[in-house]
Amino acid sequence: MTPNNKKSNTIQVFWIALGQLIAVCLTIGSTMVLTRYMDKFNYGTYRQIFYVYTTLLSVFTLGLPKSYGYFLSRISKEEGKDFVNVMTKILVLSGLVFSILLFFCSPIIANILKNEELKTALKIFSPVPVFLMPTLGLEAIYATYKETYVAAIYSVVTRILLFACVTLPVFIFSIGYKCAVIGFVFSSFLSFLLALYLKNRPFRKIKKKKTSISVSAILKFCLPLMGAGIFNILINSTDQFFISRYFGTEAFAEFSNGAMELPFIGMIVGACSTVLLPVYSNLCKNKSIAFEDTDKIVEIWNNVLKKTVMLIYPLIIYCIVFAGEIMVVLYGSQYETSGKYFFIMLFNNFLSVVSCYPLLLALNKTKEYGVVYLFNFILLCILEYGAVRLFASVESVCIMSVFCLWMRIVIFMKIISEALKVPFYKIIPYKTISIIIFLSVITALSIRMLMIVEYNVLSIFKTLMIFLFVLVLLSRLFKLDYLSIVKPLLNK
């Protein structure tokens, strides 16, 4: 493998996505063990702890992890060493405040969630933020310096530690949530020590130079991102709130299963975003972007989007055509209704694959990023409340949710096109999108009409393999080269 190939964006994305995939598999395996060897009360309490933690996390991170990718690519490695140290101190301080809040506010949180056990559980769990928050941003550091394989190894190792410290004791001794939480705290401490070493690893034998990036500049960049993160949580909770409140527990359970995002989308888009932020940031570091840099940005954007569309759109369309069967296979015949919601919410994925935030951040459009999320949340609440009152159906709430996400992404793309001073159509690979959608729809519908699709895993797997095989063959007629996506991984 040539040095240039080792540094290619595709290779960097591959390592991050691979690390995340293995981590997700280990997490799913851990969940399978915990649900089988803990009773419902202990497992429910364990899950509530993480519900509290993840809900508050976006507030206390202050959007700081994203600043690594933005600032590091704009400064020398000597300054980068000091910058990472400053960021780590800020994250430790924020994590300490978070830990203190969890410890002393645990009775209030327990009362809100109506679970007295959370008073003790959150106190045991409280050291975790001060250990885990300083680990954030590791992927962005190694993406900046084109060594994402290190971040992938870290992701896998920490998940193995978590599995060993939390899941194995439960599996062997069938213990309650308290020992599982203690195991999580211990694994977090080990992850913290490993992250501290890895955060300094890229700067070995580098003489530290005081960074020109001030704390105020960091916070000015990050605070709008914190606001966007909070409103994103609220947006994700709005559908659940209206359906739970107005349609009852059974409808909520059916919706919860159907409103799932295809897991590989988050992995691919998240990996692309992590790798591309430092690339875009380096190209946008001057206030006035050079003409050739604008062309380079548009070229990278379109290349990434084309590859993402080629990988993900066919799978989205397959799932749309076979939504009912997929839901029954996953959750049983009692959740066949979930197929309707799965069908609607899958349309979210057509635009959620467009990773706007790395380029918006690189263009220093963080204020606009936060404002769009604010107004999108307000609009979503109004539209979903209106849908409940006018149509009184879960489907109408789902449609409003899809509409608002589409509108948010289109506005982001409009901001990008205006900032780069390029026509809107130039950042949309409409030819590739049209061909992929056309071929995928024709292929999936043909399989639907010509084959008997049964409600079992084998039938779904068989039709999916036939669908992908036919699609790849047909794509060659339209000069869509799927091999180009994997070539960087195969070149020697």
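Residues numbered from 1 in each chain as written. Predicted model: local features only at pLDDT ≥ 70, side-chain atom pairs only at ≥ 80, totals over all residues. Heavy atoms only, no water.

Student: Would you take a moment to explain the packing of helix 6 (residues 118-125) against helix 10 (residues 177-200) for this structure?
Tutor: Axes are the key here: two packed helices are described by the angle between their axes and the distance separating the axes. The interhelical angle for the contact between helix 6 and helix 10, taken along N-to-C directions, is 20°, at an axis separation of 9 Å. Judged by the inter-axis angle, helix 6 sits roughly parallel to helix 10. Once helix 6 is placed against helix 10, the crossing between them reads as right-handed. In contact with Thr120, Ala121, Ile124 and Phe125 of helix 6, helix 10 contributes Tyr177, Lys178, Val181, Ile182, Phe184 and Val185. The residue inventory of the contact of helix 6 with helix 10, partitioned by class, reads 8 nonpolar, 1 polar and 1 charged. (Axes fitted to C-alpha atoms, helices over the stretch in contact; angles between N-to-C directions. Helix = DSSP H or I, 4+ residues; strand = E, 2+ residues; numbered from the N terminus. Parallel < 35°, antiparallel > 145°, perpendicular 65-115°, else oblique. Left-handed = near helix turned anticlockwise from the far one by under 90°. Contact = heavy atoms within 4.5 Å. Nonpolar A, V, L, I, M, F, W, Y, C, P; charged D, E, K, R; others polar.)

Student: Would you mind going over the nonpolar core with me for this structure?
Tutor: Soluble globular proteins: nonpolar side chains tend toward being buried together. Among the nonpolar cores identified, the biggest contains 130 residues, and Tyr68, Phe83, Phe125, Trp301, Val354, Cys356 and Phe412 are the most heavily contacted of them. Here this core gets 15 residues from one element, more than from any other, and that element is helix 13 (residues 291-321). Not counting residues within four places of it along the chain, the set of residues in contact with Val354 comprises Trp301, Leu305, Ile409 and Met413. (Core = buried A, V, L, I, M, F, W, Y, C linked by side-chain atoms within 4.5 Å. Buried < 20%, exposed > 50% of the residue type's maximum accessible area, 1.4 Å probe, protein only.)

Student: What am I meant to see in helix 6 here?
Tutor: Restricting attention to buried positions, one finds in helix 6 the residues Leu118, Ala121, Leu122 and Phe125. Around the axis of helix 6, the buried residues are gathered within 90° of arc, so they sit on the same side. (Arc of directions from axis to C-beta.)

Student: Which parts of the structure should I look at to understand the packing of aromatic side chains?
Tutor: For any pair of aromatic rings, the description consists of the separation of the ring centres together with the inter-plane angle of the planes. On inspection of all chains with the given rule, the structure shows 23 aromatic pairs. A ring pair is formed by Phe255 and Tyr341, whose centres lie 6.5 Å apart and whose planes are at 55°; its orientation type is tilted. In this pair, Phe255 sits in helix 11 (residues 215-258) while Tyr341 sits in helix 15 (residues 338-345), placing the two residues 86 residues apart along the sequence. The exposure classification of Phe255 matches that of Tyr341, with both residues buried. One aromatic cluster is present, built from ring pairs that chain together Tyr68, Tyr70, Phe71, Phe83 and Phe221. Seen from the ring of Tyr145, Lys77 lies directly overhead, with NZ or CZ sitting 4.8 Å from the centre. When the ring centre of Phe103 is taken as reference, the NZ or CZ atom of Lys123 above it lies at 5.5 Å. (Phe/Tyr/Trp six-rings, centres within 6.5 Å; stacked < 30°, edge-to-face > 60°. Lys NZ or Arg CZ within 6 Å of the ring centre and 35° of its normal.)

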